[in-house]
Amino acid sequence: MGYSRAEPDGSDAMKAAWILAALMLAACSSPTSEAAPEPTKTAGAAETVATPPIPRTRPVVENPLILAPDGLLAINRDGQMRLVPFGLARGEAESAVGIAMTPPRKRGSSSECGAGIVDYTDFRNGLQMTFQVDKFVGWTINTDSPLRTAKGIGVGSTRQQLDAAYKVDVEDSSLGLLFSTGDLVGLLDQDGIEGLVTDIWAGTVCLID
């Protein structure tokens, strides 16, 4: 038995032609494909920028150096009061006091002291630091010094102010009218309520009577 190839009728051929035309039209009218634009980047949270520290200014201190029975209280480079204690090496002690008082004015040595050889360093404002074996051992102020203790006592303070600030013992000595309160020692120009402080010291110092 032979097989014959079926031929499409006219309606089928017409349908196929319309489908092909529709496909071609769709291809022509389709816009050229373009890469989708990248989404606009929205700025995120700003990175934290380290704020530079505000320069620490040295506070103005009325008394950059204070007389103490166990050394000297001196302002440091950070604006804080620090104790320069007896026993500290000479270089360190002079440097610490120099920040508050400016560099030393004079250095010397004396062998006429009851405590033996005493080295000394003079600063402005009448302050003298004393040293033995390269250690800070004492201080004294002279009659022109404006320096004060933590309780406001210094050269020129009255006996009344002295008694109000400290409990003092007063006695006559070869140096004059001597007062003492703990390790703080000094001289008065006269006895009684009218007396004035003329000298103050602490630690080992060289006083010639």
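Everything numeric here is computed off the predicted structure, so don't read it as measured data. Per chain, residue numbering runs from 1 following the sequence as it is written. Confidence filtering applies because this is a predicted model: local features only for residues at pLDDT of at least 70, side-chain atom pairs given and counted only at 80 or more, and all residues used for totals across whole chains, interfaces and linings. As a convention, hydrogens and water are excluded, and side-chain values are obtained from all of the structure's heavy atoms.

Student: Looking at this model, I keep getting lost on the pairing of strand 3 (residues 81–85). Mind explaining?
Tutor: Each regular strand shows side chains that alternate between the opposite faces of the sheet. Sheet topology note: the strand 2 (residues 71–75)/strand 3 ladder contains 5 bridges and is antiparallel. Pairing of L73 across the sheet is with L83, part of strand 3. When DSSP finds two or more bridges between two strands, those strands count as paired. Comment: elements are numbered from the N terminus, with helices defined as DSSP H or I runs of at least four residues and strands as E runs of at least two. Where strand 2 folds back onto strand 3 in an antiparallel hairpin, the turn is made up of 5 residues, including G79, whose phi is positive at roughly 80 degrees.

Student: Any chance you could explain the packing of aromatic side chains here in plain terms?
Tutor: Aromatic rings considered in pairs are described by the distance between their centres and by the relative angle of their planes. Aromatic rings from Phe, Tyr and Trp, with only the six-membered ring used for Trp, were paired whenever their centres fell within 6.5 Å, and each pair was classed as stacked if the ring planes differed by under 30 degrees, edge-to-face if by over 60, and tilted otherwise. Enumeration over the complete set of coordinates arrives at 2 aromatic pairs. Considering the side-chain rings of F86 and F136, the 5.0 Å spacing of their centres and the 65 degrees angle between planes classify their relative orientation as edge-to-face. With F86 in the loop between strand 3 and helix 2 (90–101) and F136 in strand 7 (residues 135–141), the pair connects residues that are 50 residues apart, well separated along the chain. Each residue is placed in one exposure class: buried if its accessible area under a 1.4 Å probe, protein chains only, is under 20% of its type's maximum, exposed if it is over 50%, and partly exposed if it falls in between. On the basis of relative accessibility, which here comes to 25%, the residue F86 falls in the partly exposed class. Plain terms: the ring middles of F131 and F136 are 5.9 Å apart, the flat faces sit at 45 degrees to each other, and that makes the pair tilted. With respect to burial, F131 and F136 carry one shared label: buried. Ring pairs connect the aromatic residues F86, F131 and F136, which therefore count as one cluster.

Student: Is there a simple way to explain the state of the cysteines in this structure?
Tutor: Linking two cysteines covalently via their sulfur atoms produces the bond known as a disulfide. Any cysteine sulfur atom paired with another within 2.5 Å is treated as part of a disulfide. Evaluated as defined, the whole model comprises 1 disulfide. Note on cysteine connectivity: C113 is disulfide-linked to C206, with sulfurs 1.7 Å apart. On the S-S bond that ties C113 to C206, the torsion sits near -95 degrees, and the link is left-handed. One end of the pair, C113, is in strand 4 (residues 106–113); the other, C206, is in the segment after strand 12 (197–203), and 93 residues separate them in sequence. Taking relative accessible area as the criterion, C113 reaches 9% and is therefore assigned buried.

Student: Whenever I open this one, the sheet that holds strand 3 confuses me. Can you help?
Tutor: Strand pairing within a sheet occurs via backbone hydrogen bonds; the two strands may be parallel or antiparallel. Strand order in the open sheet formed by 4 strands is 3-2-1-8, with mixed pairing between adjacent strands. The sheet is open, and its two edges are formed by strand 3 and strand 8 (148–149), each paired on a single side.

Student: Just checking my understanding: could you explain the sheet that holds strand 9 (residues 169–173) for this structure?
Tutor: Here 8 strands make up an open sheet; going across it, the order is 4-5-6-7-12-11-10-9 and the pairing antiparallel. Looking at the sheet topology across the chains shown, the edges are occupied by strand 4 and strand 9. Averaged over neighbouring strand pairs, the angle between their axes works out to 25 degrees when direction is ignored. For strand 9 and strand 10 (residues 176–181), the ladder comprises 5 bridges, and the chain directions are antiparallel. Following the sheet pairing, S173 is matched in strand 10 by G176. Along the sheet, helix 2 makes contact with strand 4, strand 5 (116–122), strand 6 (127–132) and strand 7, crossing strand 6 at roughly 165 degrees. Axis definition: a line fitted to C-alpha atoms, limited for helices to the stretch in contact. Angles are taken between N-to-C directions and run from 0 to 180 degrees. In what follows, a contact means two residues having at least one pair of non-hydrogen atoms within 4.5 Å.

This is a description of form; function is not addressed.
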